[in-house]
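# Fold and geometry: a report
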Amino acid sequence: MGNHYRSLVVIGAIMLSGCVVTESRFNTINAGIQRSPAFKKDFMTQCAVGLGAKPLAYRKQWARIINTSVEALPEVYCKRWTDAAMSGRMTYADYKNGLSRPTYESKLIKILQGH
């Protein structure tokens, strides 16, 4: 696995942890998820590991928001994210708006809730 590939997976995990990335990186990561099953698998693994390492209070909050258990949160959250990336349903604007204004009406939250 090349360094560029690894760095994109790491950036993707950072992106999912709430750190904002540029539109160019976001689009590159989504393209990687769409084109490469290996990239998608690594991305989901890094996402789940990163989310599982968050404090329990953070995980409980997100579990309530996306209607799942704390135990299932990493898998459910990361799967919904990658499914949205695979289908092209989530744009950079959706992602950025969801991070800056995480309301129940935001498209990012609706995607993570499985809608």
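Remember, predicted model here, so these are calculated numbers, not experimental data.

## A word on the packing of aromatic side chains
Under the definition given, this model contains six aromatic pairs. Plain terms: the ring middles of Tyr92 and Tyr95 are 5.7 Å apart, the flat faces sit at 50 degrees to each other, and that makes the pair tilted. You can see Tyr92 and its partner Tyr95 sitting in helix H6 (residues 92-100), three residues apart, about one turn around the helix. You'll find Tyr92 and Tyr95 in the same group, each marked buried. Members of the aromatic cluster, connected to one another through ring pairs, are Phe26, Trp81, Tyr92 and Tyr95.

## As for the nonpolar core
Judged by nonpolar contacts, the single largest core of 24 residues is most densely connected at Trp62, Tyr77, Trp81 and Met90. At the level of elements, helix H2 (23-35), helix H3 (37-52), helix H4 (56-65), helix H5 (73-87), H6 and helix H7 (107-112) are the ones that each hand at least two residues to this core. In terms of residue count, the dominant contributor to this core is H5 (six residues).

## Considering the pattern of salt bridges
Following the criterion strictly, the structure yields two salt bridges and no others. The salt bridge partner of Lys79 is Asp83, with a shortest N-O separation of 2.8 Å. Of this pair, Lys79 and Asp83 both sit in helix H5, separated by four residues, roughly a single helical turn. Overall, Lys79 belongs to the partly exposed group, its relative accessible area being 40%.

## Topic: the packing of H3 against H5
Running from N to C, H3 and H5 point in directions that differ by 140 degrees, and their axes come no closer than 9 Å. Considered as vectors, H3 and H5 are oriented oblique to each other. As for how H3 packs across H5, the hand of that crossing is right-handed. Residues Lys40, Phe43, Met44, Cys47, Ala48, Leu51 and Gly52 of H3 lie in contact with H5, whose contacting residues are Leu73, Pro74, Tyr77, Cys78, Lys79, Trp81, Thr82, Asp83 and Met86. Of the residues belonging to the contact of H3 with H5, the class tally is eleven nonpolar, two polar and three charged.

Calculation notes
- Residues numbered from 1 in each chain as written.
- Predicted model: local features only at pLDDT ≥ 70, side-chain atom pairs only at ≥ 80, totals over all residues.
- Heavy atoms only, no water.
- Phe/Tyr/Trp six-rings, centres within 6.5 Å; stacked < 30°, edge-to-face > 60°.
- Helix = DSSP H or I, 4+ residues; strand = E, 2+ residues; numbered from the N terminus.
- Buried < 20%, exposed > 50% of the residue type's maximum accessible area, 1.4 Å probe, protein only.
- Core = buried A, V, L, I, M, F, W, Y, C linked by side-chain atoms within 4.5 Å.
- Salt bridge = Lys/Arg side-chain N within 4 Å of Asp/Glu carboxyl O.
- Axes fitted to C-alpha atoms, helices over the stretch in contact; angles between N-to-C directions.
- Parallel < 35°, antiparallel > 145°, perpendicular 65-115°, else oblique.
- Left-handed = near helix turned anticlockwise from the far one by under 90°.
- Contact = heavy atoms within 4.5 Å.
- Nonpolar A, V, L, I, M, F, W, Y, C, P; charged D, E, K, R; others polar.

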